[in-house]
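# Fold and geometry: a report
Given next are the chains, with one letter for each unit.
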Amino acid sequence: MINTQNSAKDRPTEDFRLSETMTIAWMGIVIILLIYYAFYFQPIIYIKLVTEDYWGEWVTFISYFFASFIFGWLFIKSKPKIRGIWFLLLAIGSFFISMEEISWGQRLLALTPPQFFTEKNFQAEISFHNIEGFWTNEWRNMKIVGIFFFLYGFLLPIFVSFSTHLKKFCSKIALPVPTIGISPFFLGVFVFFIFQPLLEFQEIGELLMGLAIFMLACQNWLIYYSGRRLEIFDRMLNSRITLLFFPLVGVLILVAGVVISPSFVAATLSSDGTLQAHTTKIIRGFQYFLIALGLLSLVISTFLLLCKLNIIKKHHRRKISDHLSSNKGLSMLVFLLIIILIGYGLMNSFGFEPGFESQLKNFATREYYGRGLYAQAEKVFAYIENKIVPFDKEILIYRGRNLIALNRKQEGISMLEEALVREQRKRECQPHSLGPLLRIARIYSYLGNKERAEQVYHQAVELEYSKLDSISNPIEQRSGRMLLGDIYFEMGRYSDAVVEFEKARDLSTNDMDRREANIRILHSIKKRDNK
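Our subject in this report is the structure included herewith. (Residues numbered from 1 in each chain as written. Predicted model: local features only at pLDDT ≥ 70, side-chain atom pairs only at ≥ 80, totals over all residues. Heavy atoms only, no water.)

### Quick word on the overall build of the protein
Quick reminder of the rule: Numbered from the N terminus, helices here are DSSP runs of H or I no shorter than four residues, and strands are runs of E no shorter than two. Buried means the residue's accessible area, taken with a 1.4 Å probe over protein chains only, is under 20% of the maximum for its type, while exposed means over 50%, and partly exposed covers the values in between. The contact criterion used is simple: two residues touch if any of their non-hydrogen atoms lie within 4.5 Å. Residue-level accessible areas treat just the shown protein chains as cover; the underlying method is Shrake-Rupley with a 1.4 Å probe.
A tally of regular secondary structure across the protein gives 25 helices and zero strands. Of all 531 residues assigned to the protein, the portion counted as buried reaches 46%. Here the contacts in the protein between residues at least 6 apart in sequence split such that 65% fall between residues at least 24 apart. When the accessible surface of the protein is split by element, carbon and sulfur atoms take 62% of a total near 27,600 Å².

Structure below.
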């Protein structure tokens, strides 16, 4: 029960005004619309958003990390104590998830995972949610999380605003109820986890989850501090030095970040090629971090300036704490911008490029192409060719196929014919290698020469069967069966593909391999039935 002896300003149940609620709601809606815009019109940005160790994951981490400290502070300060229990649970949960997002600092600190995690974890990393049995049915669990966020973060705020009895009940158990303003973030989690509208939807859902929890923490922090003075902010606001310091430092740091030349600095520090490349990557990360830090300083200075102008205009003695409590929508918008900028800086400082390159190839050759989004796939192909040095020329085979689908047939055919000559030369040098043979078959298939493609595919099948006869290791046997299944799938022989995938499943030694085989089986059966 809420302590009625406290003054009105001390009660943590003060509602947001309608204008503040709408500001925050539009913020969530705009973020979701920007995600859709990136998917269709800026595919490189979208891929960075959903790639491991890039924008989305770092923003998710920093959202949960900051939220855990806010909830922890609210736990210490909360009255009645029952409300503090909710905040404690949220603090522990947020901190745990934030650490899981970065594998408890494994890659940042170059830690070697203990044997337990290398044996039991699907990704051989220090995290609990990827351990066999912990997250066995990923799709079911995501749907449960999506439904929970929909009920708690979207329906509950609406019902509470209309039902006096429900509002009293939530007040009685001191449940932190989200405002309607942050409900779009919770609704976004539901939409992405249940309806799976975009590629790599789970990463977008996790990002919106982190932002939703962070906004819930900020909401309760602002409500708690309504009417209370934040002396540190008051001192900052009333100091001319501070008001000049943040924009000046922000501009200087931003300029320093822009003018740094990572390649030049690395070349002066090292003459060794490998060490120079490594040094360049570190300096580039530092460069991006400076840019993010400069932008952050400018955001803070703009926020302080707006507060100062508002104070001068309305009342000379007004405190920034009053401004925070009377402009919660603006405050939460600034908090969100700070989180995004910090996540951007961390991503560029510690992101791992190999994962990004493989994700680019996956989106260009499979994801976008598979959905018929050929223009988006071509943007990714162009980025790979222009930005990734050196790039794998195998990618040109898939780009040629994509150009044909875009009705740029002459360009596509020319690219495929050049690739065919290159792969035939590799085949002559590596007669027992399966890779060149499969690529030759694909090229013939993309050129429309189905008969010749079928012949080459049969050669690939015979070569792989001859290899399997000499293999006794069950792990290598499984890999061979999976490869045969993939070849049959490419040939359109879906029943044969199912047989090979089933054999691979029987040879699997862990849940992850069995799940992968089952997915291929279901996909092959679906293709066979629709044929």
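### Brief notes about helix H22 (residues 450–468)
Think of an α-helix as turning once every 3.6 residues; residues three or four places apart then point the same way. To keep things clear, this is the line we draw: A helix is expected to reach a length of 1.5 Å times the quantity of its residues less one.
Compared with an ideal rise of 1.5 Å per residue, which puts 19 residues at 27 Å, H22 spans 27 Å between its outermost C-alpha atoms and is within 8% of the ideal. The inward-facing, buried residues of H22 abut helix H21 (434–446) and helix H23 (474–491).

### Observations regarding the pattern of salt bridges
Heads up, the rule is: What counts as a salt bridge is simple: a side-chain nitrogen of Lys or Arg found within 4 Å of a carboxyl oxygen of Asp or Glu.
As enumerated under the stated definition, the model contains 13 salt bridges in all. Arg520 serves as the salt-bridge partner of Asp486, at 2.8 Å between the closest nitrogen and oxygen. Highlighted residues: Asp486 in helix H23 and Arg520 in helix H25 (residues 511–530), separated in sequence by 34 residues. Residue Arg520 is joined to Glu516 by a salt bridge in which the shortest nitrogen-to-oxygen separation is 3.1 Å. Taken together, the residues span about one helical turn, with Arg520 and Glu516 both in helix H25 at a distance of four residues. With relative accessibility at 32%, the residue Glu516 sits in the partly exposed group.

### As for the nonpolar core
Convention followed: Put simply, buried Ala, Val, Leu, Ile, Met, Phe, Trp, Tyr and Cys residues joined by side-chain atoms within 4.5 Å make one nonpolar core.
Ranked by size, the top nonpolar core spans 71 residues in total, and within it Ile35, Tyr46, Phe71 and Tyr368 carry the most contacts. Counting residues per element, this core draws most heavily on helix H10 (residues 201–224), which supplies 16 residues. When sequence neighbours within four positions are dropped, the list of residues in contact with Phe71 reads Phe87, Leu90, Ala91, Ser94, Ile213, Leu216 and Ala217.

### So, the packing of helix H19 (residues 395–405) against helix H20 (residues 409–429)
Between two packed helices, what matters for the description is the angle formed by their axes and the separation of those axes. Which entries qualify depends on this criterion: An axis is simply a line fitted to the C-alpha atoms; with a helix, the fit covers only the stretch in contact. Between two such axes, the angle follows the N-to-C directions and lies from 0 to 180 degrees. In these notes the angle categories are as follows: under 35 degrees is roughly parallel, over 145 is roughly antiparallel, 65 to 115 is roughly perpendicular, and the rest is oblique. Take the far helix as the reference: if the near one is turned anticlockwise from it by less than a right angle, the crossing is left-handed, and if turned clockwise, right-handed. Each residue is assigned to one class: nonpolar for Ala, Val, Leu, Ile, Met, Phe, Trp, Tyr, Cys and Pro, charged for Asp, Glu, Lys and Arg, and polar for all the others, Gly among them.
Two elements in contact, H19 and H20, have axes separated by 7 Å at closest approach and are oriented at 155°. Taken together, the axis directions place H19 and H20 in an arrangement best described as roughly antiparallel. Every pair of crossing elements has a handedness; the one defined by H19 and H20 is left-handed. Seen from H19, the contacting residues are Leu396, Ile397, Arg399, Gly400, Arg401, Leu403 and Ile404; seen from H20, they are Lys409, Glu411, Gly412, Ile413, Met415, Leu416, Ala419, Arg422 and Glu423. Its residues assigned to classes, the contact of H19 with H20 shows eight nonpolar, two polar and six charged.

### A few points about the environment of Phe87
Here Phe87 lies in helix H4 (residues 81–101). It is 5.2 Å that separates the C-alpha atoms of Phe87 and Phe75, two residues lying twelve residues apart in sequence. With residues near it in sequence (within four places) discarded, Phe87 still touches Phe71, Leu74, Phe75, Ser78, Pro176 and Asn220.

### Thoughts on the packing of aromatic side chains
We count it as follows: Classification of ring pairs rests on two measures: the distance between centres of Phe, Tyr or Trp rings, Trp counted by its six-membered ring, which must be within 6.5 Å, and the angle between planes, read as stacked under 30 degrees, edge-to-face over 60 and tilted in between. Note on geometry: a ring has a charge over it if NZ (lysine) or CZ (arginine) is within 6 Å of the ring centre and within 35 degrees of the ring normal.
Scanning the entire structure with this criterion turns up 23 aromatic pairs. With 6.1 Å between their ring centres and 45° between their planes, Tyr36 and Phe192 make a pair best called tilted. A residue pair is termed long-range when its members are at least 10 positions apart, and Tyr36 in helix H1 (residues 18–41) and Phe192 in helix H9 (residues 183–195) qualify at 156 residues. For Tyr36, a relative accessible area of 27% gives the class partly exposed. Summarising the aromatic geometry, the rings of Phe150 and Phe154 are spaced 5.5 Å apart at their centres and angled 20° between planes, so their arrangement reads as stacked. Placement of both Phe150 and Phe154 in helix H7 (residues 138–162) is noted, with a separation of four residues, approximately one turn of the helix. Of the residues examined, Phe154 reaches a relative accessible area of 21% and is grouped as partly exposed. A network of ring pairs unites the aromatic residues Trp58, Phe61, Phe65, Phe66, Phe69 and Phe95 as a single cluster. If you follow Arg401 out to its NZ or CZ, it ends over the ring of Tyr369, 3.7 Å from the centre.

### Topic: a nonpolar patch on the surface
Let me state the cut-off plainly: Candidate patch residues must exceed 30% relative accessible area and have no salt bridge, after which like charges are joined if within 9 Å and Val, Leu, Ile, Met, Phe, Trp or Tyr side chains if within 5 Å.
A grouping of Trp26, Ile29, Val30, Leu33 and Leu34 is seen on the molecular surface, where their side chains present a nonpolar patch of about 490 Å² in accessible area. Here Leu33 shows up in helix H1.

### What to know about unusual backbone geometry
Residues other than glycine seldom take positive phi values, yet Gln196 does so here, at roughly 50°. On the secondary structure map, Gln196 appears in the loop between H9 and H10. Non-glycine residue Asn407 carries a positive phi angle of around 65°. By relative accessible area, which is 64% here, Asn407 ends up exposed.

So yeah, pure geometry; function would need other evidence.
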